[in-house]
Amino acid sequence: MTKKDIVKTISEEVGLTQQQTKKIVQKTFDAIIDSLVKEERIELRNFGVFEVKLRAARKARNPRTGKQVSVPAKYVVTFKPGKEMESRVAELTAGIVENHQTESELGSLGRTDESLNKPADPTTHDAFGDRSVG
């Protein structure tokens with residue numbers, strides 16, 4: 001869903017023009033961004049909480065060369081969903097589980113790597129593409 005889709009849906013439900021609705025939606029987004037830039041916490045009941053947090057400096061590995069590099073500290077935006085969002089998204093999971101008799105069946109569905117049409121690689125990778133051990 002895009003901002004244009006959101007504007008269209010809201011304008012139809014509220015009875016405003018799409019131009020009026022677009023201004024309101026954009027002002028809402030601008031207010032959220034302005035608050036985050038000021039490092040303010042934004043709490044939207046039943047939706048979630050946006051916060052700016054400082055991510056500490058760390059060592060990482062360049063996946064192309066394997067060489068260790070330093071990643072400086074930086075501010076990042078975090079989002080924690082509210083209870084209503086959590087419960088409604090959890091309903092998706094409940095629907096999946098209902099379609100399969102047990103959770104063990106979920107692991108034995110014979111997943112494939114869609115792009116290569118071969119069985120999925122069972123090893124996991126970290127954010128830098130390095131395979132995890134164990």
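This text goes with the structure placed above it.
About the criteria used
Residues numbered from 1 in each chain as written. Predicted model: local features only at pLDDT ≥ 70, side-chain atom pairs only at ≥ 80, totals over all residues. Heavy atoms only, no water. Helix = DSSP H or I, 4+ residues; strand = E, 2+ residues; numbered from the N terminus. Contact = heavy atoms within 4.5 Å. Pairing = 2+ DSSP bridges. Axes fitted to C-alpha atoms, helices over the stretch in contact; angles between N-to-C directions. Patch = residues over 30% accessible without salt bridge, like charges linked within 9 Å, V, L, I, M, F, W, Y side chains within 5 Å. Areas by Shrake-Rupley, 256 points an atom, 1.4 Å probe, with all protein chains shown as cover. Salt bridge = Lys/Arg side-chain N within 4 Å of Asp/Glu carboxyl O. Lys, Arg positive; Asp, Glu negative; His and termini not counted. Charge placed at Lys NZ, Arg CZ, Asp CG, Glu CD. Phe/Tyr/Trp six-rings, centres within 6.5 Å; stacked < 30°, edge-to-face > 60°. Buried < 20%, exposed > 50% of the residue type's maximum accessible area, 1.4 Å probe, protein only.

(A) Molecular detail of the side chain of serine 11. Mapping serine 11 onto the fold places it in helix H1 (residues 3-14). Apart from the residues within four sequence positions on either side, serine 11 is in contact with Leu16, Thr17, Gln18 and Thr21.

(B) A look at the sheet that holds strand S5 (residues 74-81). Strand order in the open sheet formed by three strands is S1-S2-S5, with antiparallel pairing between adjacent strands. Only two strands of the sheet have a single partner each, and these edge strands are strand S1 (42-44) and S5. Between one strand axis and the next, the sheet turns through 25° on average, direction left out of account. Examined bridge by bridge, strand S2 (residues 48-55) and S5 share eight bridges and lie antiparallel to one another.

(C) Geometry of a positive patch on the surface. The grouping of Lys3, Lys4, Lys8 and Lys22 at the surface amounts to a positive patch. In terms of residue count, H1 provides more of the positive patch than any other element does, three residues in total.

(D) Molecular detail of unusual backbone geometry. Positive phi, close to 60°, is recorded for glutamate 39, a residue that is not glycine. For glutamate 39, the location among the structural elements is in the loop between helix H2 (18-37) and S1. Unusually for a residue other than glycine, asparagine 46 sits at a positive phi of about 65°. The topology assignment puts asparagine 46 in the loop between S1 and S2.

(E) Quick peek at the packing of aromatic side chains. This structure, assessed with the given rule, holds three aromatic pairs. Seen from their ring centres, phenylalanine 50 and phenylalanine 79 are 4.8 Å apart, and the 50° between their planes marks the pair as tilted. With phenylalanine 50 in strand S2 and phenylalanine 79 in strand S5, the pair connects residues that are 29 residues apart, well separated along the chain. Residue classification places phenylalanine 50 among the buried positions, given a relative accessible area of 18%. For phenylalanine 79, a relative accessible area of 35% corresponds to the partly exposed category. Following the ring pairs from residue to residue traces out a cluster consisting of Phe47, Phe50 and Phe79.

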